[in-house]
Amino acid sequence: MLRLGKGIKSFLTSEVGAKAKTLGALLIGLMFAINSLNVINSYVGRDFITAIENKNLKGFVLQAGLYILVFVASTVVAILFRYVEETLGILWREWLTKRLLERYLDRRNYYRLYASGEIANPDQRITDDVKAFTVTTLSFTLMFLNGSFTAIAFSGVLWSISPMLFIAAVLYAGIGSYASYYLGRSLVGLNYNQFDKEANFRTELIHVREHAESIALLHREERLKVGLLHRLDELTANFRTIIKVNRNLGYFTTWYNYLAQIVPALIVAPMFISGKVEFGVVTQSAMAFTHLLGAFSLIVTNFQSISSFTAVIARLGSLEEAIDRGDSCPIPAIVTSASTAAATAGQSVMVGGLEVSEERDQVAFQGVSLQSPHDGRPLVTDLTFSVPFGTRVLISGSNEDAKVALFRATAGIWSAGSGKIIRPPFGEIYFLPERPYLPHVTLRELLVRTGHEHEISDERIIADLCALNLEAVLTRAGDLDTPHEWNDMLSLGEQQLIAFARLFLRRPDSPSWKGSATRLARRMWTRCWSCCPAVRSATSPPAGTASVTATTGWKTTTRCWNWTRCWS
């Protein structure tokens, strides 16, 4: 409930809160109108049936006309109510999704959650769970408000007919609510797990689609089939348990709803038989009892939905809490201009136990020790060395984990360690990942930094692509401003070259640290260097080598680091 209250409060106090409050007030007004029309309808129905019983033609025609007017008014109000409800729902979903997206992508929270594995399937939580949360929260809020209005409106009607009938409705709903909770209390945990199992199964299928060519070439269908069937077995086993719980709950709720149809008749029928009330009161009591019981029995009639809703609240709450933990940790600032880089030079932040300091034209490691975040295994111990500006250093060695850890620590995305790392601000240093990142954008957006698309001419982009022998990519793309699925269009080698073309076009003023560590990536680097003699001859610094001995927990490994001055 605390998470639910916090979520509603955040929405109502946001920049769209005023509009949300207006729509909410309109919904409450329409809800009041609906309940008033329902009460009026109960009295019109009573008089309509009584006119038939008394063979009163004039009264029958009058009440029939009133019936039609009430139906028309109820229809208009109900449609407006649904429209305003859906408008408020999509407003809430849009705001919450944007808020989660901004927080998820801010401060590299997406990477921290991925690396730590503390939250499963955050993508599903931001899409499906946000949709379910906003729609269901609004629906349940309105449902409980409507139930309160209904209870107030029809309590007087039932009490005026028979106080015993009102007491019977309250007791019947109370017993039903407790029994529903007792029989279905395990559904919350089961539904929470079901969401994750569904997402895991979907992720495996997406993996097959994205790696279809590799799977076909390696004939890995049987192995994948085993994994997919295992995910399916987990999914169906959990869902079968949910079905069994719902079956037991269904026995009770179905019996509960059937019995509710005769309870008012059992109390009011003897009054009619003895002549204390008219026949129209019998039908009115049945209608009023149904409305009042429905208001008191929301837990009984919606327990399955409530259990799923509770799981959604828990999943979104855990995602927000995980992001909050990341927001409390400082990260290196991201700068995009030389002026900003100069302003942030000399600043230091703590990333876990590592101190990352930004200083122009310098890369150094002072007493850096790195450990595995999973088992605490030492990867690098007491590493101290500096890379002179304008020196090319190649990282080599058999300890792949240590190289990856040092690359990530320099980029500020590794927190398991201690010591101090000095490097230029992000605006002056370029981290080239080993796996090319090629989103669904235009070729211009793929190659040029965000916000700088119109600062680099088409001629320069085309010239650098041609220097890398990527004329075929230009031909297939058609132009620089049409988005494509580059992972499907380009070979792995072309993807690697596109990544280097992005580096060539950026040409920062300070050195660039590259994390391409596989044999393929090193061959791509050799090709890039050989394909761009003009760039190389104009900017190639004096060759220099720095050798460093880093002691890990098990052995001593000598590595050669490659620091390359970027092109200006």
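Anyway, here's the lowdown on the structure attached to this text. (Residues numbered from 1 in each chain as written. Predicted model: local features only at pLDDT ≥ 70, side-chain atom pairs only at ≥ 80, totals over all residues. Heavy atoms only, no water.)

1. Focus: the nonpolar core
Counting 33 residues, the largest nonpolar core has Phe 11, Leu 27, Leu 88, Leu 96, Leu 113 and Phe 133 as its most contacted members. Of all the secondary-structure elements, those providing two or more residues to this core are helix H1 (2-12), helix H2 (17-53), helix H3 (57-105), helix H5 (122-161) and helix H13 (303-327). For this core, the element with the most residues is H3, which contributes ten residues. Residues within four places of Phe 133 in sequence aside, it is in contact with Leu 4, Trp 92, Leu 96, Phe 309, Val 312, Ile 313 and Leu 316. (Core = buried A, V, L, I, M, F, W, Y, C linked by side-chain atoms within 4.5 Å. Buried < 20%, exposed > 50% of the residue type's maximum accessible area, 1.4 Å probe, protein only. Helix = DSSP H or I, 4+ residues; strand = E, 2+ residues; numbered from the N terminus. Contact = heavy atoms within 4.5 Å.)

2. Focus: the side chain of Gln 63
Looking at the secondary structure, you find Gln 63 in helix H3. Those residues in contact with Gln 63 that sit more than four places away from it in its chain are Val 44, Asp 47 and Phe 48.

3. Quick notes on the packing of H5 against helix H7 (residues 187-210)
The contact between H5 and H7 brings their axes to 11 Å, and the two run at 120°. Between H5 and H7, the interaxial angle falls into the category oblique. Handedness of the H5/H7 crossing: right-handed. From H5, Gln 124, Arg 125 and Asp 128 reach across to H7, where they touch Tyr 192, Phe 195, Asp 196, Ala 199 and Arg 202. Of the residues belonging to the contact of H5 with H7, the class tally is three nonpolar, one polar and four charged. (Axes fitted to C-alpha atoms, helices over the stretch in contact; angles between N-to-C directions. Parallel < 35°, antiparallel > 145°, perpendicular 65-115°, else oblique. Left-handed = near helix turned anticlockwise from the far one by under 90°. Nonpolar A, V, L, I, M, F, W, Y, C, P; charged D, E, K, R; others polar.)

4. Describing helix H6 (residues 163-184)
With 22 residues, H6 extends 32 Å from end C-alpha to end C-alpha; this agrees with the ideal 32 Å at 1.5 Å per step. Buried within H6 we find Leu 165, Phe 166, Ala 169, Tyr 172, Ala 173, Gly 176, Ser 177, Ala 179, Ser 180 and Gly 184. (Expected span 1.5 Å × (residues − 1).)

5. Remarks on the side chain of Arg 315
By the secondary structure assignment, Arg 315 is in helix H13. A polar contact is formed between the side chain of Arg 315 and the side chain of Asp 129, at a distance of 2.5 Å. Discounting chain neighbours no more than four positions away, the residues touching Arg 315 are Asn 121, Gln 124, Arg 125, Asp 129, Tyr 192, Phe 195 and Asp 196. (Polar contact = N/O pair within 3.5 Å; in protein donor to acceptor, adjacent residues only side chain to side chain.)

6. With respect to a nonpolar patch on the surface
The grouping of Ile 52, Leu 57, Phe 60 and Val 61 at the surface amounts to a nonpolar patch, some 370 Å² of accessible area in total. Relative to the assigned elements, Ile 52 resides in helix H2. (Patch = residues over 30% accessible without salt bridge, like charges linked within 9 Å, V, L, I, M, F, W, Y side chains within 5 Å. Areas by Shrake-Rupley, 256 points an atom, 1.4 Å probe, with all protein chains shown as cover. Salt bridge = Lys/Arg side-chain N within 4 Å of Asp/Glu carboxyl O.)

7. Looking at the pattern of salt bridges
This structure, assessed with the given rule, holds 19 salt bridges. A salt bridge links Arg 125 to Asp 196; the nearest nitrogen and oxygen atoms lie 3.9 Å apart. Placement of the pair is Arg 125 in helix H5 and Asp 196 in helix H7, with a sequence separation of 71 residues. This pair shows no difference in class: Arg 125 is buried, exactly as Asp 196 is. Among the ionic pairs, Arg 315 bridges to Asp 129, the shortest N-O distance being 2.5 Å. With Arg 315 in helix H13 and Asp 129 in helix H5, this pair connects stretches of sequence that are 186 residues apart. Using a relative accessible area of 0% as the deciding quantity, one classes Arg 315 as buried. Each of the salt bridges in this network shares a partner with another, and the network as a whole consists of Arg 99, Arg 103, Glu 320 and Asp 324.

8. Structural notes on the packing of H6 against helix H9 (residues 221-260)
When two helices pack together, their arrangement is given by the angle between the helix axes and the distance between those axes. Following both chains from N to C, one finds H6 and H9 inclined at 170°, their axes separated by 9 Å at the closest point. With respect to H9, the element H6 is oriented roughly antiparallel. Contact residues: H6 offers Tyr 172, Ala 173, Ile 175, Gly 176, Ala 179, Ser 180, Leu 183 and Gly 184, while H9 offers Val 245, Asn 248, Leu 249, Phe 252, Thr 253, Trp 255, Tyr 256, Leu 259 and Ala 260.

9. A look at the pairing of strand S5 (residues 417-423)
Here strand S2 (residues 354-358) pairs with S5 via five bridges, running parallel. Looking across to S5, one finds that Glu 355 is bridged to Lys 420. Pairing analysis gives five bridges linking strand S3 (residues 363-371) to S5, with the strands arranged antiparallel. Along S5, the bridge assignment pairs Ser 369 with Ser 418. (Pairing = 2+ DSSP bridges.)

10. Here we look at the environment of Glu 453
Mapped onto the secondary structure, Glu 453 falls in the loop between helix H16 (443-447) and helix H17 (458-467). Judged by relative accessible area, Glu 453 falls into the buried class, the value being 17%. Contact partners of Glu 453, with chain neighbours within four places excluded, come to Arg 444, Glu 445 and Val 448.

11. Focus: the packing of aromatic side chains
This structure, assessed with the given rule, holds 15 aromatic pairs. Ring centres of Phe 48 and Tyr 67 lie 5.2 Å apart, and the angle between their planes is 65°; on these two criteria the pair is classed as edge-to-face. Taken together, the positions of Phe 48 in helix H2 and Tyr 67 in helix H3 put the pair 19 residues apart, joining distant regions of the chain. Accessibility expressed as a relative area gives 16% for Phe 48, which makes it buried. Measuring from centroid to centroid gives 4.5 Å for Tyr 172 and Tyr 256, while their planes differ by 20°, and the two rings are stacked. With Tyr 172 in helix H6 and Tyr 256 in helix H9, this pair connects stretches of sequence that are 84 residues apart. For the pair Tyr 172 and Tyr 256, one class covers both residues: buried. Just above the ring of Tyr 182 sits the side chain of Arg 185; from NZ or CZ to the centre is 4.5 Å. In this structure, Arg 315 packs its charged tip against the face of Tyr 192, placed 5.8 Å from the ring centre. (Phe/Tyr/Trp six-rings, centres within 6.5 Å; stacked < 30°, edge-to-face > 60°. Lys NZ or Arg CZ within 6 Å of the ring centre and 35° of its normal.)

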